[in-house]
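Remarks on the overall topology
The residues making up each chain are set out below.
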Amino acid sequence: MAAMPHPRGPKPEGVTAGRAGLYAFLAVSAAFFLLPAYVMVVTSLKTMDEIRLGRIFALPAHFDLSAWVTAWSGACTGLTCNGIGAGFWNSVKITVLSVAISVIVGAINGYALSFWRPAGAKLVFGLLMLGAFLPFQIFIYPLVRGFAAIGIADSLAGVVLVHVLFGLPLVTLLFRNYYAAIPVELFKAARVDGAGFWRIFLEVILPMSTPMIVVASIFQTTGIWNDFLFGLIFAGRDNLPMTVQLNNIVNTTTGERFYNVNMAATLLAALVPLVIYFVSGRWFVRGIAAGAVKG
Amino acid sequence: MPSRDPASPAKGRGAGRPRRLRAAVAFATLVPTWIVVLVVYVGTMLWSVQLSVTNSRMLPSSTYVGFEQYRKLFATTRWLISLQNLVIFGVLFIAGCIVVGTLLAIALDRKIRFENAFRTVFLYPYAMSFIVTGLVWQWLMNPELGIQTTMRSLGWTSFTFDWIVNRDLAIYAVVLAGLWQASGLVMVLMLAGLRGVDGEIWRAARVDGIPTWRIYASIVLPQLGPALATAVTLLAMGVVKTYDLVVALTNGGPGSSSEVPAKFIMDNLFGRQNLGLATAASTIMLITVLAILAPYAYAQSMRARRARGGV
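First, a word on scope: everything that follows refers to the structure included in this document. What you are looking at is a predicted structure, and each value in this text was computed from that prediction instead of being measured.

If you tally the helices and strands in chain B, you get 14 helices and zero strands. Of the regular secondary structure in chain B, the N- to C-terminal order runs α-α-α-α-α-α-α-α-α-α-α-α-α-α. Against the globule reference of 19 Å for 311 residues, chain B gives a C-alpha radius of gyration of 25 Å, more extended than a compact globule. With the C-alpha coordinates aligned to their principal axes, the bounding extent of chain B is approximately 80 × 65 × 30 Å. Long-range pairs, those at least 24 residues apart, make up 68% of the contacts in chain B with a sequence separation of at least 6. Carbon and sulfur atoms form 65% of the exposed surface of chain B, whose accessible area is close to 14100 Å². For chain B, the centre of its 28 positive side-chain charges and the centre of its 13 negative side-chain charges are spaced 12 Å apart.

Now for the overall build of chain A. The number of helices and strands found in chain A is 14 helices and zero strands. Reading the secondary structure of chain A in the N-to-C direction produces α-α-α-α-α-α-α-α-α-α-α-α-α-α. Taken over the C-alpha trace, chain A has a radius of gyration of 24 Å; the compact-globule value for 295 residues is 19 Å, which it surpasses by more than 25%. Each principal axis of the C-alpha atoms in chain A carries an extent, and together these give about 75 × 70 × 30 Å. When the 295 residues of chain A are sorted by exposure, 52% land in the buried category. Counting contacts in chain A only where the partners sit at least 6 residues apart, residues at least 24 apart contribute 70% of the total. Working note: accessible area of chain A is about 13000 Å², and carbon and sulfur atoms make up 69% of it.

What follows deals with the side chain of Asn85(B). Its location among the elements puts Asn85(B) in helix α4 (residues 77–108). When residues no more than four places from it in sequence are discounted, the contact partners of Asn85(B) are Gly90(B), Ile171(B), Ser256(B), Ser257(B), Ser258(B) and Glu259(B).

A few words now on the interface of chain B and chain A. Taken together, the 101 residues of chain B in the interface contact 105 residues of chain A. For the pair chain B and chain A, the summed buried area comes to about 9100 Å², and 75% of that belongs to carbon and sulfur atoms. At the boundary of chain B with chain A, the tally comes to zero salt bridges. Inspection of the chain B/chain A interface yields 16 residue pairs in polar contact (both at pLDDT 80 or more). In terms of residue class, the side of chain B that touches chain A is built from 67 nonpolar, 21 polar and 13 charged.

To continue, consider the side chain of Ser257(B). Its place among the elements puts Ser257(B) in the loop between α12 (244–249) and α13 (261–271). Setting aside residues no more than four positions away along its own chain, Ser257(B) makes contact with Ile81(B), Asn85(B), Arg167(B), Ala170(B) and Gly252(B).

So, on to a positive patch on the surface. A grouping of Arg117(A), Lys122(A), Arg305(B) and Arg308(B) is seen on the molecular surface, where their side chains present a positively charged patch. If you trace the backbone, Arg305(B) turns up in helix α14 (residues 275–308). Residue classification places Arg305(B) among the exposed positions, given a relative accessible area of 55%.

Let us now look at helix α2 (residues 31–51) of chain B. Residues and elements named next belong to chain B. Over its 21 residues, α2 extends 28 Å from the first C-alpha to the last, a length consistent with the 30 Å expected when each residue adds 1.5 Å. Taken as a whole, α2 carries its principal kink of about 30° at glycine 43. Within the span of α2, buried status applies to Thr33, Trp34, Val36, Val37, Val40, Tyr41, Thr44, Met45, Ser48 and Leu51.

What follows is about the packing of α4(B) against helix α11 (residues 225–241) of chain B. Packed helices, taken two at a time, are described by the angle their axes make and the gap between the axes. All names here are of chain B. Direction vectors running N to C along α4 and α11 enclose 145°, while the axes themselves pass 10 Å from each other. Handedness of the crossing formed by α4 with α11: right-handed. Where α4 abuts α11, its residues Leu86, Phe89, Gly90, Phe93, Ile94, Cys97 and Ile98 lie against Leu228, Ala231, Val232, Leu235, Ala236, Val239 and Val240. Grouping the constituent residues of the contact of α4 with α11 by class yields 13 nonpolar, one polar and no charged.

Attention now goes to the packing of α2(B) against α14(B). Residue and element names in this part refer to chain B. Close contact between α2 and α14 brings their axes to 7 Å; oriented N to C, the two are set at 125°. Accordingly, the angle class assigned to the pair α2 and α14 is oblique. In the crossing of α2 with α14, the sense of the turn from one axis to the other is left-handed. Only Leu275, Gly276, Thr279, Thr283 and Leu286 of α14 make contact with α2, whose side of the interface consists of Met45, Ser48, Val49 and Leu51. Grouping the amino acids of the contact of α2 with α14 by side-chain chemistry returns five nonpolar, four polar and no charged.

As a further point, take the environment of Val285(A). Residue placement: Val285(A) occurs in helix α14 (residues 282–292). If sequence neighbours within four positions are ignored, Val285(A) has contacts with Leu123(B) and Val188(B).

Another aspect to go through is a nonpolar patch on the surface. Residues and elements named next belong to chain B. On the surface, Phe27, Val31, Ile35, Leu38 and Val39 cluster together into a nonpolar patch covering about 410 Å² of accessible area. Here the nonpolar patch takes four residues from α2, the largest share from any one element. Structurally, valine 39 can be placed in helix α2.

Grouped together as the largest cluster of nonpolar side chains are 191 residues, with contacts concentrated most on Tyr111(A), Phe166(A), Tyr179(A), Leu246(A), Phe122(B) and Leu235(B). With 17 residues, the top contributor of residues to this core is helix α8 (residues 170–195) of chain B. Apart from the residues lying within four places of it in its own chain, the contact partners of Phe122(B) are Leu26(A), Ser29(A), Ala30(A), Phe33(A), Leu104(B), Leu108(B), Gly184(B) and Met187(B).

Turning next to the pattern of salt bridges. Residue and element names in this part refer to chain B. Tallying each qualifying case throughout the model produces 10 salt bridges over all chains. Across the pair glutamate 68 and arginine 71 runs a salt bridge whose closest N-O atoms are separated by 2.9 Å. Here the residue glutamate 68 and the residue arginine 71 both occupy positions in helix α3 (residues 68–73), the gap between them amounting to three residues, near one helical turn. Take arginine 71: its relative accessible area is 51%, and that puts it in the exposed class. Where arginine 78 meets glutamate 259, a salt bridge forms, and the shortest distance between an N and an O atom there is 2.8 Å. Of this pair, arginine 78 sits in helix α4 while glutamate 259 sits in the loop between α12 and α13, and the two are 181 residues apart along the sequence. Judged by relative accessible area, glutamate 259 falls into the buried class, the value being 0%. Overlapping salt bridges bring together Arg78, Glu259, Lys263 and Asp267 as one network.

What counts as what
- Residues numbered from 1 in each chain as written.
- Chains lettered and ligands numbered in written order.
- Predicted model: local features only at pLDDT ≥ 70, side-chain atom pairs only at ≥ 80, totals over all residues.
- Heavy atoms only, no water.
- Helix = DSSP H or I, 4+ residues; strand = E, 2+ residues; numbered from the N terminus.
- Rg over C-alpha atoms; globule rule 2.2 N^0.38 Å.
- Contact = heavy atoms within 4.5 Å.
- Areas by Shrake-Rupley, 256 points an atom, 1.4 Å probe, with all protein chains shown as cover.
- Lys, Arg positive; Asp, Glu negative; His and termini not counted.
- Charge placed at Lys NZ, Arg CZ, Asp CG, Glu CD.
- Buried < 20%, exposed > 50% of the residue type's maximum accessible area, 1.4 Å probe, protein only.
- Buried area = accessible area lost by both parts, 1.4 Å probe.
- Salt bridge = Lys/Arg side-chain N within 4 Å of Asp/Glu carboxyl O.
- Polar contact = N/O pair within 3.5 Å; in protein donor to acceptor, adjacent residues only side chain to side chain.
- Nonpolar A, V, L, I, M, F, W, Y, C, P; charged D, E, K, R; others polar.
- Patch = residues over 30% accessible without salt bridge, like charges linked within 9 Å, V, L, I, M, F, W, Y side chains within 5 Å.
- Expected span 1.5 Å × (residues − 1).
- Bend = angle between axes of the 7 residues up to and from the residue.
- Axes fitted to C-alpha atoms, helices over the stretch in contact; angles between N-to-C directions.
- Left-handed = near helix turned anticlockwise from the far one by under 90°.
- Parallel < 35°, antiparallel > 145°, perpendicular 65-115°, else oblique.
- Core = buried A, V, L, I, M, F, W, Y, C linked by side-chain atoms within 4.5 Å.

Shown next, in the form of structure tokens:
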């Protein structure tokens, strides 16, 4: 990657017009990408009186954290004013459960598909991949009815299940491709030693899977945390994830709009994926790349 | 679809006859996946398609009405607007992301300082949800408080940036926000492609005295076909699914000027209790996606064949 600060070849000859233009382009682009984040942060620290002046790019006159407090525990969606904190914990519950289950199932699937290849493995994998591409809208109504029939409509179980169901293709793909790169001799040696399906998985394959478990978890966590549609339909009123509550708070049609509170709430909702992005860095990129490169 | 090369050393993994019994365990672990595929994917899809040829309103009905719902669908202005918006949004969003992302990738590839910092800045929006993206840009583009007011207060009194409340321009506001969110993705994919280009090519081209831009245009970029195909496919899948961004940014308005198919379906499914129409619309979406997938699957199989043919 960028590990070579001193590239080989002739020494670059000072500042040329091309280099200046290059940096100008990068600076302008960086400004475009940073602008919304900057505006969000400064707005969340302003009072409503200051916001009404309409200078969104100005720094706040004095730092005022009250909007953050209100966003967390007092912002209103319609008639209830409990802030976005409850939604945060709902999102944590949904994400942790969904990621854990889907990564475990994906790893077992990938292992079975790449090392054992039982009858019909190719077909089920092909259909699974096809399912990953199809628009959710075609599945939604029957799923809502099905979930109601088995008693998990509008529940934590329902929304977790739907995340697992639709996360399965990509997580399975990630593990299958990862296992394809593991030397098959390891697997064969374990077979010769008489180890069975589960023993090989638990004692040989799983200990080697850490990098992919990390990538798949990051990939799934950001995706599920950022989900809106499934939370809206399957979670039910008591388990609404943060994205849904955030939209309800900001796009509420009654009363005055408190932009500082809205911006603070928006930042709170973006916090988890942003922290993952900044902390995991290259792993996050690897997750995107691995998810993007089908096969 | 990725498929194992039959001639690869992986051949014969777990395929021996005496191993039948143990392989049964392997098959058993895939049973839940089989159920997911058959019930959740194929079953629900067939049910949706079946509902689209009935006169279902709030509850499913079994009265067959043929293609009546489809006829009604394509006589619905809102649906036609949503299709038109899907095309406008899709073309501009994909083209915009490709152009911006590729330019950024090339710029970062020019051995610049602070490369990591720039890359971080360009990609961070991709970590955020469409809801957050939509809300941020809604605020920036708010004509009374956002960029427009700021520019006017700076003295440019005729400055207008009211896309979000303008019937003719609202969909372009969605494009702009989408571009901000997803360009970084293209940058990452293209940068990976650029880094994969053989250094010998660069040396040879430089020895021949070919200008840098020509090396990119004629030699390097044409090699990035696979990266480009991946980027376009990912973006295209996002376009068809676009829902949250529009809900957060414009909620389909003003009027229904920034309506998109995914939102049309959701509204008719749950808000307007119009099951038959909604499932007809989602069947149309399904067909559209299959039409996009076909060339992608073809490209994949071509790539697999080329890989098999040896480098």
